[in-house]
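Single-letter residue listing:
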Amino acid sequence: LQLDRFSVWAANNAFVQVPILIVLVFFFKASFMYFGEYLTTRAGVRIIRDVRTDLYRSVVGQSADFFHAHATGQILSRVLNDVARLQRVCTTLAADVLRVGAQVPFLVALILWRDWRMSLIAMVALPLLSWPLLRLSKKLRRASTRSQQSMAEVADVLSETVAGIRVVQGFGMEAFETDRFRSALGRMLGADLKAGRASALAPAFMELFGAIVGATLFMIAGWQIERGNLDPGRFAVVLGGLALLFMSIRRLNRLNVDLQQAKAAADRVFGMMDRQRAIRDAPDAKPLPPFREAIRFENVRFAYQTDLVLDDVDVTFRSGEVVALVGSSGSGKSTLANLVPRFWDPTSGRV
């Protein structure tokens with residue numbers, strides 16, 4: 001009974017209805033914000049987990065020439081740092097692009113509906129704005145690629161030093177390695193500053209361009225209002241809509257900066273992921289039977305790039321024999337052994 005009385009009393013008192021409505025609206029808003037943020041983050045981190053897994057699977061399946069050409073730090077930088085740059089694209093950035101992208105058509109329709117002539121004058125400037133932004137996007141993508149390459153170099157120096165710390169300390173090379181690391185950091189700093197200049201130039205250009213367009217509109221609108229050809233109220237709506245449209249475009253530009261950085265990372269990540277294994281079986285290859293008799297090298301030649309290591313090797317190792325390979329460093333002992341499990345393929349001849 002008391003609940004019914006409260007309902008009747010609340011229905012007849014606006015000062016109770018309005019606070020309840022406000023609380024309900026913000027409750028639903030908070031709920032949607034929470035679930036939207038959580039579900040977007042959940043989808044994004046799962047995508048990044050799958051990308052890292054696929055990249056790792058591609059790396060561990062590569063031949064020895066891949067690891068000869070890519071240092072450990074470079075591989076770590078691709079798997080950890082470059083993929084991390086993609087995470088923002090898969091989470092909050094994707095939601096922002098959808099939200100801001102949905103606002104722009106609505107605002108364009110609004111200002112065209114209120115006064116299409118003034119709106120068309122303003123929107124003539126949009127193609128003029130897009131051209132320099134596209135140029136800046138390409139510049140930013142190149143700068144981001146150089147920055148990520150420099151980060152890979154820093155990671156490589158760090159991994160080499162940590163892995164060989166006993167050698168470094170045994171020969172008293174701490175100061176040398178520190179200088180080498182500092183030089184790598186300096187190159188990364190230069191690349192980051194170039195990327196920073198490119199990303200800072202776009203919003204500065206947009207501010208200046210927006211001011212020029214706004215001043216031009218004010219001048220034209222003032223002249224039209226003075227002649228009685230333009231309603232001040234309609235112009236206020238158009239001006240407010242254009243201000244919101246400009247803010248949305250500026251936000252899209254900020255998102256474009258993040259997208260260009262992510263695209264540079266994606267090119268590096270998927271370039272490594274799509275790399276074909278150099279050592280591949282022929283389509284009609286037959287299973288290799290268990291070793292029983294001998295391993296035979298027939299006129300084997302092998303070169304790392306252009307450096308010839310093995311030249312016309314013709315030798316047989318029989319089952320049960322103990323064979324010693326003797327020679328100076330770099331004479332091809334390890335290379336000959338690596339050809340047996342097919343870490344490399346001979347340049348010519350066969351095993």
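Overview of the structure. Note that the structure is predicted; figures quoted are calculated from it, not measured.

What follows covers the pattern of salt bridges. Two side chains bearing opposite charge may form a pair once their charged atoms approach each other closely. Within this structure, the stated rule accounts for 13 salt bridges. Note that Asp82 is salt-bridged to Arg268, the shortest N-O span being 2.8 Å. Remark: Arg268 occurs in helix H9 (residues 232-273) and Asp82 occurs in helix H4 (residues 72-114); sequence separation between them is 186 residues. The pair formed by Asp82 and Arg268 is uniform in burial state, with each residue classed as buried. Of the charged contacts, one joins Asp311 and Arg301 as a salt bridge, the two residues approaching to 2.4 Å between their closest N and O atoms. Remark: Arg301 occurs in strand S1 (residues 294-304) and Asp311 occurs in strand S2 (residues 307-318); sequence separation between them is ten residues. The class of Asp311 is partly exposed, set by a relative accessible area of 47%. Given the relative accessible area of 34%, Arg301 is considered partly exposed. Among the charged side chains, a network of salt bridges with common partners joins Arg78, Asp82 and Arg268.

Another aspect to go through is the sheet that holds S2. With antiparallel pairing, three strands are arranged side by side in an open sheet as S2-S1-S3. For this open sheet the edge positions go to S2 and strand S3 (348-350), each flanked by a neighbour on one side alone. In this sheet, adjacent strand axes meet at a mean angle of 10° when their direction is disregarded.

A cluster of basic residues, Arg135, Lys138, Lys139, Arg142, Arg146, Lys194 and Arg197, forms a positive patch on the protein surface. Of all the elements in the fold, those that place two or more residues in the positive patch are helix H6 (125-163) and helix H8 (174-226). Overall, the relative accessible area of 36% leaves Arg146 in the partly exposed class.

Generally speaking, soluble globular proteins have nonpolar side chains that are buried together. Residues Leu55, Val59, Val83, Leu86 and Val269 are the most contacted members of the largest nonpolar core, which totals 15 residues. When contributions to this core are tallied by element, the ones reaching two or more residues are helix H2 (14-60), H4 and H9. Ranked by the residues each element gives to this core, the list is headed by H9, at six residues. Core analysis: the second largest hydrophobic core is formed by ten residues, Phe302, Val313, Phe317 and Leu336 among them.

The rules behind these values
- Residues numbered from 1 in each chain as written.
- Predicted model: local features only at pLDDT ≥ 70, side-chain atom pairs only at ≥ 80, totals over all residues.
- Heavy atoms only, no water.
- Salt bridge = Lys/Arg side-chain N within 4 Å of Asp/Glu carboxyl O.
- Helix = DSSP H or I, 4+ residues; strand = E, 2+ residues; numbered from the N terminus.
- Buried < 20%, exposed > 50% of the residue type's maximum accessible area, 1.4 Å probe, protein only.
- Pairing = 2+ DSSP bridges.
- Axes fitted to C-alpha atoms, helices over the stretch in contact; angles between N-to-C directions.
- Patch = residues over 30% accessible without salt bridge, like charges linked within 9 Å, V, L, I, M, F, W, Y side chains within 5 Å.
- Areas by Shrake-Rupley, 256 points an atom, 1.4 Å probe, with all protein chains shown as cover.
- Lys, Arg positive; Asp, Glu negative; His and termini not counted.
- Charge placed at Lys NZ, Arg CZ, Asp CG, Glu CD.
- Core = buried A, V, L, I, M, F, W, Y, C linked by side-chain atoms within 4.5 Å.

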